[in-house]
Amino acid sequence: MVVELALGHAPHEIAARGRGTRHHGAALADAPLPAARTAAAHQEPGHLDLVLRALADPTRRDIVSRVMVAELSVSALAETYPMSFAAVQKHVAVLERATLVSKRRHGREQLVAGDPQVLQGVHHLLDRLEETWRSRVEQMSQVLAEDPTPGPGA
Amino acid sequence: MAVVDVVKDPATLSLQVTTDFEAPVDRVWQLWGDPRQLERWWGPPTHPATVVDHELVPGGRVTYFMTGPGGERYHGWWEVLAVSAPHSLDVRDGFADEHGTPDSELPVTSMRVELSEADGRTRAVVTSVFPSTEAMEQLITMGMEEGLRAAMGQMDVVLADGR
């Protein structure tokens, strides 16, 4: 799945940039936190909503997964999809508002790059819930092993 | 333990955990269907659950509280939407105040359990869906988070004791 692919890139990208990954998810969840963080803009209430809404569209997910790997121009992206340059530009704008991507000018081109930290933050929330369920499954397995045939109301 | 698959979908705020248990479906169902069994796994080891009401019928309620190391209690409830023993269960899962009254300030998640048996093993698919991103953040930032994380750290100890 495209989202998984995009999310899969995030840790490597972050490691490569030497940023801390562990606190960012918490920063998203704990807003507001000290303004010293580089990700301060990501902590606004409702930001996560913007992120998830941005990711709800398959074209936008595909754009995100591409620009996480390498910076691409809007025109290069526009060639990839059966839609107009303007339509692709709109998708990029939605992603930009969610801070999933950033845009910079390079000569006549607009280059789009992904921000892996934001994706990482969303993934981090689901990771916590996964931990809870893994813990529960361990306990369920233990109950089954200790108590293979409980009587009624045992 | 045999978690065979975990699917996290940030776009739909859902988490799906698929597990294979070495037990027939009727036995695995008891983990949910028998309150004394349910309380042995629902809460983290540091916050064991005590199930109070357990009405697994459509519209019925399951109420419980978890007790922390300092004796503090966290109350919760399920509202049963659909049940088909021993194969499926749909509930809404929320928090309550100390009298067991649902707390409307705290988010309610939905949880679906599907069990199927093959060759004497049971596959359990549990899907949790969060109503909104705010809800998800709120659940995670709640004080219970610390308890849940502590629980993870103590799993090894608990499992070793059980051997």
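Below: a short report on this structure. (Residues numbered from 1 in each chain as written. Chains lettered and ligands numbered in written order. Predicted model: local features only at pLDDT ≥ 70, side-chain atom pairs only at ≥ 80, totals over all residues. Heavy atoms only, no water.)

### Thoughts on the overall build of chain B
Broken down by element type, chain B carries four helices and eight strands. Going from the N terminus to the C terminus, chain B shows its helices and strands as β-β-α-α-β-β-β-β-β-β-α-α. Of all 163 residues assigned to chain B, the portion counted as buried reaches 50%. Within chain B, counting contacts between residues at least 6 apart in sequence, those at least 24 apart form 40% of the total. Accessible area of chain B: about 7400 Å², with a carbon and sulfur share of 50%. (Helix = DSSP H or I, 4+ residues; strand = E, 2+ residues; numbered from the N terminus. Buried < 20%, exposed > 50% of the residue type's maximum accessible area, 1.4 Å probe, protein only. Contact = heavy atoms within 4.5 Å. Areas by Shrake-Rupley, 256 points an atom, 1.4 Å probe, with all protein chains shown as cover.)

### Some points on the sheet that holds strand β2 (residues 101-106) of chain A
Residues and elements named next belong to chain A. If you walk across this open sheet you meet the three strands as β1-β3-β2, and the pairing is antiparallel. Each end of this open sheet is capped by a strand with a single partner; those strands are β1 (72-73) and β2. Its contacts with the sheet place helix α4 (residues 58-69) against β1, β2 and β3 (109-114), and it is angled at close to 90° to β3. Along the sheet, helix α6 (residues 85-97) contacts β2 and β3; its crossing angle with β2, the most-contacted strand, is approximately 125°. (Pairing = 2+ DSSP bridges. Axes fitted to C-alpha atoms, helices over the stretch in contact; angles between N-to-C directions.)

### A short note on the pattern of salt bridges
Following the criterion strictly, the structure yields 14 salt bridges over all chains and no others. Counted as one network, the salt bridges with shared partners bring together D20, E22, R121 and R123 of chain B. (Salt bridge = Lys/Arg side-chain N within 4 Å of Asp/Glu carboxyl O.)

### Quick word on the environment of P48 of chain B
If you trace the backbone, P48 of chain B turns up in the loop between α2 (35-38) and β3 (49-54). Here the alpha-carbon distance between P48 of chain B and R73 of chain B, two residues 25 residues apart in the chain, equals 9.9 Å.

### Brief notes about the sheet that holds strand β6 (residues 88-96) of chain B
Residue and element names in this part refer to chain B. The antiparallel open sheet is built from eight strands, whose spatial order is β1-β2-β8-β7-β6-β5-β4-β3. Here the strands that pair on one side only, and so sit at the sheet edges, are β1 (3-9) and β3. Averaged over all neighbouring strand pairs, the angle between strand axes comes to 20°, with direction disregarded. The pairing of strand β4 (residues 61-67) with strand β5 (residues 73-84) spans seven bridges and is antiparallel. Its bridge partner being in β5, T67 is matched across the sheet by R73. Its contacts with the sheet put helix α1 (residues 25-33) on β2 (14-21), β3, β5, β6, β7 (109-118) and β8 (121-129), and the angle it makes with β7 is roughly 160°.

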